[in-house]
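Here is what each chain is made of, one letter per residue.
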Amino acid sequence: NLRTMKAHTKVLLQLMALWLPLATSSLFCQEVETAPDFDAVQYASARWYVHEQINIAYLPAERSFCSYAEYTVVDTPTLFGYTIEVFNYAEDAEGNGFGGPGLCAYQQGREPGQLAVSPCVLPKIFAGPYWVVAYNETAGYALISGGQPYIRTEDGLCRTRLRTINRSGLWIFSRSATRDEDLIDEVKLLAQEQGIDPSLLNPVPHINCTYAL
């Protein structure tokens, strides 16, 4: 009937809205390659401090202080097949802490650095891309993108979404809470080499942090 046809059409349009940007990204944006020697166990061996990030739907500017992430590789996959537990933390300007456990990850793509993250209580179909684009344990940095960027910006560079939960975000991590401008500039250059626009990144201060959770 007409109501059923309208419902099917709505679902089809929603699927096309998700698929079409990805299908056309290769025409306009450089295909991103993730870190070739990514090792999840090594990556999860210590805390990562967030020093730069894009403010997106679930990371508002008012909660972009003292942010860090911790990862734990589990011995047995969860009910939905996740292999990594995620702990995120951030503070506001007054030092109130936000975040905690509840997120999980798994290797989604063909490459080890192509992960996806979701609430642990949801099946993998709801997971969003978490791509480790660059990673150097010795230098102590990681560059994370919310999947393949497909929105064209300037100078032939591209970015991910800003107002959605999945397929959004860009982060620069360091093993140290102390900000290293030279290291951050180096990682930004790595982003540009991959066709990723780092111009929307904002500093994440780590001053007078409580790290309360």
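Here, every reference points to the structure presented above.
Residues numbered from 1 in each chain as written. Predicted model: local features only at pLDDT ≥ 70, side-chain atom pairs only at ≥ 80, totals over all residues. Heavy atoms only, no water.

Novice: Please explain the nonpolar core as it appears in this structure.
Specialist: When a protein is soluble and globular, its nonpolar side chains tend to lie buried together. In this structure, Tyr-43, Tyr-71, Tyr-130 and Phe-173 are the most contacted members of the largest nonpolar core, which totals 38 residues. Contributing elements (two or more residues each) for this core: β1 (48–53), β2 (65–73), β3 (84–91), β5 (114–119), β6 (128–136), β7 (141–145), β10 (170–174) and α3 (181–193). With six residues, the single largest contributor to this core is β6. Filtering out sequence-adjacent residues up to four positions away, Tyr-71 remains in contact with Tyr-43, Ala-44, Trp-48, Ile-84, Glu-85, Val-86, Tyr-130 and Phe-173. (Core = buried A, V, L, I, M, F, W, Y, C linked by side-chain atoms within 4.5 Å. Buried < 20%, exposed > 50% of the residue type's maximum accessible area, 1.4 Å probe, protein only. Helix = DSSP H or I, 4+ residues; strand = E, 2+ residues; numbered from the N terminus. Contact = heavy atoms within 4.5 Å.)

Novice: Sorry if this is basic, but what is going on with the state of the cysteines here?
Specialist: Formally, a disulfide is one covalent bond, and it connects the sulfur atom of one cysteine to the sulfur atom of another. One pass over the structure, following the stated rule, counts three disulfides. Across a sulfur-sulfur distance of 2.0 Å, Cys-29 and Cys-158 are joined as a disulfide pair. Disulfide Cys-29-Cys-158: torsion about the S-S bond near -90°, hence left-handed. Of the two residues, Cys-29 sits in the loop between α1 (2–28) and α2 (40–43) while Cys-158 sits in strand β9 (residues 158–159), which places them 129 residues apart along the sequence. As far as burial versus exposure is concerned, Cys-29 and Cys-158 are alike and both buried. The disulfide bridge from Cys-66 ends at Cys-209, spanning 2.1 Å between sulfur atoms. (Disulfide = S-S within 2.5 Å.)

Novice: I'm lost on unusual backbone geometry in this one. Help?
Specialist: Trans peptide bonds make up the majority, and among non-glycine residues the majority have a negative phi. The backbone phi angle of Cys-66 is positive, close to 55°, even though this residue is not glycine. Cys-66 gets classed as buried once you look at its relative accessible area, which sits at 2%. Backbone geometry at Asp-155 places phi at a positive 55°, although glycine is not the residue there. Accessibility expressed as a relative area gives 76% for Asp-155, which makes it exposed.

Novice: Sorry if this is basic, but what is going on with the environment of Phe-87 here?
Specialist: Take Phe-87: it is sitting in strand β3. Setting aside residues no more than four positions away along its own chain, Phe-87 makes contact with Tyr-68, Ala-69, Glu-70, Gly-100, Pro-101 and Leu-213.

Novice: Even after reading the chapter, I still don't get the side chain of Thr-160, so can you show me in this structure?
Specialist: Residue placement: Thr-160 occurs in the loop between β9 and β10. Its relative accessible area of 5% is what places Thr-160 among the buried residues. One polar contact links the side chain of Thr-160 to the main-chain amide nitrogen of Gly-169, over a distance of 3.0 Å. In this structure, Thr-160 is in contact with Ser-145, Gly-146, Gly-147, Gln-148, Pro-149, Ile-151, Arg-167, Ser-168 and Gly-169, ignoring residues within four places of it in sequence. (Polar contact = N/O pair within 3.5 Å; in protein donor to acceptor, adjacent residues only side chain to side chain.)

Novice: Sorry if this is basic, but what is going on with the packing of aromatic side chains here?
Specialist: In this description, an aromatic ring pair is defined by two values, namely the gap between the centres and the angle between the planes. Considering all chains together, one arrives at 15 aromatic pairs under this definition. For the ring pair Tyr-82 and Tyr-106, a centre distance of 5.8 Å and an interplane angle of 65° mean the geometry is edge-to-face. One end of the pair, Tyr-82, is in the loop between β2 and β3; the other, Tyr-106, is in strand β4 (residues 97–107), and 24 residues separate them in sequence. When sorted by exposure, Tyr-82 lands in the same class as Tyr-106, which is buried. A ring pair is formed by Tyr-89 and Tyr-211, whose centres lie 6.2 Å apart and whose planes are at 55°; its orientation type is tilted. With Tyr-89 in strand β3 and Tyr-211 in the segment after β11 (202–203), this pair connects stretches of sequence that are 122 residues apart. Residue class for Tyr-89 comes out buried when judged on its relative accessible area of 3%. Connected via pairs of aromatic rings, a cluster forms that spans Phe-38, Tyr-43, Trp-48, Tyr-71, Tyr-130, Tyr-135 and Phe-173. The ring of Tyr-211 has Arg-47 sitting right over it, with the charged end atom 5.8 Å from the ring centre. (Phe/Tyr/Trp six-rings, centres within 6.5 Å; stacked < 30°, edge-to-face > 60°. Lys NZ or Arg CZ within 6 Å of the ring centre and 35° of its normal.)

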